[in-house]
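Commentary on secondary and tertiary structure
Read off the chains here:
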Amino acid sequence: MIIDLHCHTNMSDGVLTPNELIDLAIERGVDMLSITDHDTLDAYAHTTAVPSGLKLIPGIELSSRWRKQGIHIVGLNIDLSNEAMVSAVNQQSKVRAQRAQEISNRLGRLGFDNCLEGAQRFAHNQIGRPHFAEHLIAIGAVKNANEAFKKYLGAGKVGDIKEHWPDIDTAVQWIRQAGGVAVLAHPSKYKMTRTKLTELISDFKDAGGEAMEVVSGLQIPSVTRDLAKLCSQFDLLASCGSDFHSPDKKWAALGLISNLPETCNPVWDRWS
Ligand code: AMP
Ligand code: MN
Ligand code: MN
Ligand code: MN
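Here the structure is a predicted model, which is why all the values come from computation and not from measurement. (Residues numbered from 1 in each chain as written. Chains lettered and ligands numbered in written order. Predicted model: local features only at pLDDT ≥ 70, side-chain atom pairs only at ≥ 80, totals over all residues. Heavy atoms only, no water.)

Comments concerning the coordination of the manganese ion (ligand 4)
In the first shell of the manganese ion (ligand 4), the protein supplies His6 (NE2), His8 (NE2), Glu61 (OE) and Asp243 (OD), at 2.1 to 2.2 Å from the metal. We note that the donor set of the manganese ion (ligand 4) lies within a single chain, spaced as H-x1-H-x52-E-x181-D. Distance-wise, the manganese ion (ligand 2) is placed 4.6 Å from the manganese ion (ligand 4). Of this pair, His6 sits in the loop between strand S1 (3-4) and helix H1 (18-27) while Asp243 sits in the segment after strand S8 (237-241), placing them 237 residues apart in sequence. Using a relative accessible area of 0% as the deciding quantity, one classes His6 as buried. Take Asp243: its relative accessible area is 8%, and that puts it in the buried class. (Donors = N, O, S within 2.8 Å, 3.2 Å for Na, K, Ca; no water. Helix = DSSP H or I, 4+ residues; strand = E, 2+ residues; numbered from the N terminus. Buried < 20%, exposed > 50% of the residue type's maximum accessible area, 1.4 Å probe, protein only.)

As for the domain arrangement of the chain
Segmenting the chain into domains produces domain 1 (3-89 + 163-270) and domain 2 (94-153). Each of domain 1 and domain 2 was reduced to a C-alpha centroid, and the two centroids are 25 Å apart. In this complex, domain 1 contributes eleven residues to the contact, which on the side of domain 2 involves nine residues. Summing the contributions of domain 1 and of domain 2, the shared interface buries around 960 Å²; its carbon and sulfur component is 48%. When the buried surface of domain 1 facing domain 2 is broken down by residue, Asn10, His164 and Trp165 rank first, second and third, together holding 48% of it. Inspection of the domain 1/domain 2 interface yields one salt bridge. Our count for the domain 1 to domain 2 interface comes out at seven residue pairs in polar contact (both at pLDDT 80 or more). Partitioning the side of domain 1 that touches domain 2 into residue classes produces two nonpolar, six polar and three charged. (Domains from an automatic or database assignment. Contact = heavy atoms within 4.5 Å. Buried area = accessible area lost by both parts, 1.4 Å probe. Salt bridge = Lys/Arg side-chain N within 4 Å of Asp/Glu carboxyl O. Polar contact = N/O pair within 3.5 Å; in protein donor to acceptor, adjacent residues only side chain to side chain. Nonpolar A, V, L, I, M, F, W, Y, C, P; charged D, E, K, R; others polar.)

Notes on the pattern of salt bridges
Side-chain pairs of opposite charge can arise whenever the charged atoms involved come near each other. Applying the stated rule across the entire model yields nine salt bridges. For the salt bridge of Lys143 with Glu147, the shortest nitrogen-to-oxygen distance reads 3.9 Å. By relative accessible area, Glu147 is classed as buried at 17%. Through salt bridges with shared partners, a single ionic network connects Arg129, Asp160 and Lys162.

A word on the coordination of the manganese ion (ligand 3)
Taken together, Glu61 (OE), His72 (ND1) and His186 (NE2) make up the full set of protein donors to the manganese ion (ligand 3), lying 2.1 to 2.2 Å away. Expressed as a motif, the donor residue spacing for the manganese ion (ligand 3) is E-x10-H-x113-H. Separation of the manganese ion (ligand 3) from the manganese ion (ligand 2) amounts to 5.5 Å. Of this pair, His72 sits in strand S5 (residues 69-76) while His186 is found in the loop between strand S6 (181-184) and helix H7 (194-206), placing the two residues 114 residues apart along the sequence. Given the relative accessible area of 7%, His186 is considered buried.

Structural notes on unusual backbone geometry
One non-glycine residue, Asp39, lies in positive phi territory at about 55°. Inspection of the secondary structure puts Asp39 in the loop between strand S2 (32-33) and strand S3 (55-56). With a phi close to 60°, Asp243 is a non-glycine residue in the positive phi region.

Description of the site of ligand 1
The full set of residues close to ligand 1 is Asp13, His38, Arg96, Arg99, Gly128, Arg129, Pro130, Ala145, Asn146, Phe149 and His245. A distance of 3.3 Å separates a nitrogen atom of ligand 1 from a polar atom in the side chain of Asn146. About the coverage of ligand 1: the protein hides 73% of its 500 Å² of free accessible area. Secondary structure elements with two or more residues in the shell around ligand 1: helix H2 (83-109), helix H4 (129-138) and helix H5 (145-153). (Near = heavy atom within 4 Å. Areas by Shrake-Rupley, 256 points an atom, 1.4 Å probe, with all protein chains shown as cover.)

Below, the structure written as structure tokens:
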């Protein structure tokens with residue numbers, strides 16, 4: 001079984017349309033897929049005729065905040081028409097629009113004019129920092145997205161604005177209200193000390209979080225083992241996903257995911 005419960009379309013910062021993503025999932029032999037765009041469910045309104053061989057689990061990746069740090073929480077198997085979720089998504093979209101204006105203002109102070117218009121040319125729907133990165137590349141300010149994040153958009157830089165995101169408790173509650181399972185996304189990407197990560201997982205669990213991503217894309221075995229240990233320590237269910245955004249990122253290829261260790265209780269046992 002190939003299971004990929006974390007990926008993006010061009011409804012947020014991915015490059016494929018929802019239908020192109022589904023076609024690629026079929027081509028890769030994916031059996032179960034969740035599209036988890038950043039703070040939007042719009043992909044689900046744009047998928048036509050999902051083949052019966054592919055189980056599509058409604059999902060989302062919510063932006064939230066914990067101790068002044070941006071944290072991503074994936075919601076899986078949610079009710080797409082749930083009122084609390086629909087209004088949460090509206091709120092998150094407004095925050096994204098305001099934040100984009102603010103990022104643009106701040107970049108303007110560094111001498112980069114009209115960045116909002118520039119970024120919007122790359123955003124098909126939900127706008128995010130990767131679209132600003134594309135604009136900065138297009139105007140020759142940086143060579144690639146990595147440099148854009150390192151200099152202007154990443155943690156601690158001018159374009160890193162996360163004050164307006166809800167706290168993790170709120171994000172988890174939205175997912176629970178929509179009947180879904182809240183999953184702590186890619187814990188190793190936050191680059192936290194062991195103590196801090198343990199505190200985050202503990203707070204996440206107290207908030208009603210039920211699972212964590214033990215595997216995110218192609219991951220080195222020692223990281224997987226370590227996350228699996230934390231996962232059982234906190235008695236959480238385990239999830240896995242590629243965090244696919246674009247076919248040219250080889251370490252986050254759709255359906256190409258390291259196996260979950262046998263000690264893990266897979267989150268999908270709930271609904272398969
Ligand atoms: P946002 O959702 O606007 O906060 O932007 C976060 C997104 O930026 C992540 O989901 C990644 O897709 C992307 N991202 C984060 N760090 C980097 C980086 N160093 N290089 C390229 N893309 C990145
Ligand atoms: Mn992204
Ligand atoms: Mn993420
Ligand atoms: Mn993601």
